[in-house]
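# Observations on the model geometry
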Amino acid sequence: MALYLGVMSGTSLDGIDIALIDQEDTHTRLLGTHYLPMPADLRTDLLALCSPGPDELVRAALAEQHWVRLAAQGIDDLLRQQRIQPTQIRAIGSHGQTVRHHPAQGVTIQIGNAALLAECTGISVVSDFRRRDLAAGGQGAPLVPAFHQALFADDNSQRAILNIGGFSNLTLIEPGKQVYGFDCGPGNVLLDAWIQHQQGLEFDRGGDWAASGQVQPILLKTLLGDPFFLTQGPKSTGRELFNMRWLSQQLAKLPAMMPEDVQATLLELTATSIFDALQAAQDRTDELLVCGGGAHNRTLMKRLAELLPATRVASTEAYGISPDWIEAMAFAWLAHCCLEGIPANRPSVTGARGPRILGAIYPA
Ligand SMILES: Nc1ncnc2c1ncn2[C@@H]1O[C@H](COP(=O)(O)OP(=O)(O)OP(=O)(O)O)[C@@H](O)[C@H]1O
Ligand SMILES: CC(=O)N[C@H]1[C@@H]2OC[C@@H](O2)[C@@H](O)[C@@H]1O[C@H](C)C(=O)O
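Residues numbered from 1 in each chain as written. Chains lettered and ligands numbered in written order. Predicted model: local features only at pLDDT ≥ 70, side-chain atom pairs only at ≥ 80, totals over all residues. Heavy atoms only, no water.

Rules: UniProt positions are given in the numbering used here, feature names are shortened, and annotations may be inferred rather than shown by experiment.
Going by the annotation in an unreviewed UniProt entry, the name recorded for the protein chain is Anhydro-N-acetylmuramic acid kinase, with Azotobacter chroococcum NCIMB 8003 given as the source organism. Of the comments in the UniProt record for the protein chain, the one headed Sequence similarities (unreviewed entry) reads "Belongs to the anhydro-N-acetylmuramic acid kinase family." If you open the UniProt record of the protein chain and go to Catalytic activity (unreviewed entry), you find "1,6-anhydro-N-acetyl-beta-muramate + ATP + H2O = N-acetyl-D-muramate 6-phosphate + ADP + H(+)".

Shown next, in the form of structure tokens:
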């Protein structure tokens, strides 16, 4: 029995996910989970750090302290609930919070003060997972495809695993072939931004607001005209590209539209960009396994199923793993790979020069 914790704070900034796993050889078992909603003041501070501003270094250092104290409290709560001592945990894999991602410039920044997390928890921490891949010429993202493959590879089926978080990324797993994957565009980030801007709501539950509007083909065509969608992988993206400013610029090119029609079109953008990327990457998809918060968006799931009539489209829940915990589990697994000296990037995915052991270790 080897216990690890994974801590994931994704691009949606909705909260921190913590997963407790038992890694036995190549088998990963989820033992417990804990979710910490992001406090509004921390969310504001982290979001502000995602674009240029004054005194960024000190603001980042202060924000990451706040983030670590919250994560450490969550870890303590989870371990108490599971009646497990910190000394029983081999390591925490902590993704931290991405505040910038410019792979073409060799820059990706995840804040999350691993030294302080080790100090607060008394547990070894592995963090800084992306920069070694970037140093080797890769995108530094997505990293989860190797874990998707470990969880879901099937000898008899051509599968694709789709994460719909703030951004969406695909992993293609075909029997006898190298795993392939890439970011395919905005997942929930624009849907969240638009409903926040229009209605002050955090997200469009079930995609109900989007379902009340009409897709506007001219807007969809304009949005899909962004060069990101036309580029083949390896590729990764983030808030640097797809954000409220980008959306406002696209909307400004066109006549005014009803807000619900914009939301409907943004949902169609998410679905279509995934569909197009999947069609280009896989000749046949038997099963599409969906994870991330977008798996709860009924309207989006229905649309994906309509676009892919020959594919079984289902949440990973149907395969025994809740869609909400796969990324946190992945970072626990990545900590295991680091400690065991197992390369965890996939050059076929990130474009790195070769396999690399990912992460930096902060001993307990
Ligand atoms: N019931 C629901 N209906 C519609 N959307 C939902 C629902 N539940 C969650 N979401 C969406 O999922 C998002 C959170 O997804 P998730 O936690 O996978 O993102 P993340 O981990 O921050 O992203 P990333 O994978 O990009 O790092 C929310 O912001 C929301 O848009
Ligand atoms: C730089 C960064 O944080 N990228 C995230 C983001 O969220 C989804 C997508 O964009 C993916 O590329 C990645 O996260 C997951 C965990 C990954 O690395 O696989």
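## A word on the site of ligand 1
We apply this condition: Distances are taken per atom, and a residue is near a molecule or strand as soon as one of its heavy atoms is within 4 Å of it. Residues adjacent in sequence count toward polar contacts only when both atoms are side-chain atoms; beyond that, a polar contact is any pair of N or O atoms within 3.5 Å, and within protein one must be able to donate a hydrogen and the other to accept it. Areas reported here follow the Shrake-Rupley algorithm with a probe of radius 1.4 Å; residue values treat only the protein chains shown as occluding. Residues are grouped as follows: nonpolar covers Ala, Val, Leu, Ile, Met, Phe, Trp, Tyr, Cys and Pro; charged covers Asp, Glu, Lys and Arg; every other residue, Gly included, is treated as polar. Just so you know, the domain bounds were taken from an automatic or database domain assignment.
Contacts to ligand 1 come from 22 residues, most closely from Thr11, Ser12, Asp192, Gly206 and Gly293. In this structure, Asn188 approaches ligand 1 through a side-chain N or O atom, which is 3.4 Å from an oxygen atom. Within the complex, the protein chains bury 87% of what would otherwise be the 650 Å² of accessible surface of ligand 1. Residue composition of the shell around ligand 1, grouped by class: 4 nonpolar, 13 polar and 5 charged. Two domains each put at least three residues into the shell around ligand 1: domain 1 (2–141 + 323–362) and domain 2 (145–319).

## Focus on the pairing of strand S5 (residues 107–111)
The condition is simple: In this scheme, strands are said to pair when DSSP sees at least two bridges between them. Secondary structure elements are defined from DSSP: runs of H or I of at least 4 residues count as helices, runs of E of at least 2 residues count as strands, and each element is numbered from the N terminus.
In the sheet, strand S4 (residues 89–102) pairs with S5 via 5 bridges, with the strands oriented antiparallel. Residue Gln97 lies in a different strand from S5, and its bridge partner there is Ile111. Between S4 and S5, which pair antiparallel one after the other, the connecting turn spans 4 residues, and Gly106 there sits at a positive phi close to 75°.

## Details of the packing of helix H8 (residues 217–224) against helix H11 (residues 259–281)
Put simply, the rule is: Each axis is a line fitted through C-alpha atoms, and for a helix only the stretch in contact is used; angles between axes span 0 to 180 degrees, taken between their N-to-C directions. Geometric relationships in this document are graded by angle, where less than 35 degrees denotes roughly parallel, more than 145 denotes roughly antiparallel, 65 to 115 denotes roughly perpendicular, and other angles denote oblique. By convention, the crossing between two helices is left-handed when the near helix turns anticlockwise from the far helix through less than a right angle, and right-handed when the turn is clockwise. The criterion used for residue contact is that any of the two residues' heavy atoms lie within 4.5 Å.
Contact pair H8 / H11: the axes reach a minimum separation of 9 Å and the direction vectors enclose 45°. If you check the angle between H8 and H11, you find them oblique. Between H8 and H11 the crossing geometry is right-handed. Residues Leu219, Leu220, Leu223 and Leu224 of H8 form the contact with H11, whose own contacting residues are Val262, Thr265, Leu266, Glu268, Leu269, Thr272 and Ser273.

## Re the side chain of Gln97
To be explicit about the condition: The cut-offs for exposure are 20% and 50% of the maximum accessible area for each residue type, with area from a 1.4 Å probe on protein chains only; residues under the lower value are buried, those over the upper are exposed, and the others partly exposed.
Relative to the helices and strands, Gln97 is located in strand S4. A relative accessible area of 1% means that Gln97 is categorised as buried. At 2.5 Å, the side chain of Gln97 and the side chain of Ser9 are in polar contact. Sequence-distant contacts of Gln97, defined by excluding residues within four places in its chain, comprise Ser9, Gly10, Thr11, Leu13, Met38, Leu46, Trp67, Ile109, Gln110 and Ile111.

## Observations concerning the pattern of salt bridges
Going by this rule: When a carboxyl oxygen of Asp or Glu is within 4 Å of a side-chain nitrogen of Lys or Arg, the pair counts as a salt bridge.
Summed over the entire model, instances satisfying the criterion amount to 13 salt bridges. Residues Asp128 and Arg131 are paired through a salt bridge, measuring 3.0 Å at the closest nitrogen-oxygen approach. A residue is classified by how much of its surface remains accessible, and Asp128, at 27% relative accessible area, is partly exposed. By relative accessible area, which is 49% here, Arg131 ends up partly exposed. Arg298 serves as the salt-bridge partner of Asp208, at 2.8 Å between the closest nitrogen and oxygen. Placement of Asp208 in helix H7 (residues 208–211) and of Arg298 in helix H12 (residues 298–307) is noted, with a sequence separation of 90 residues between them. What you see here is one network of salt bridges that share partners, running through Glu268, Lys302, Arg303 and Glu306.

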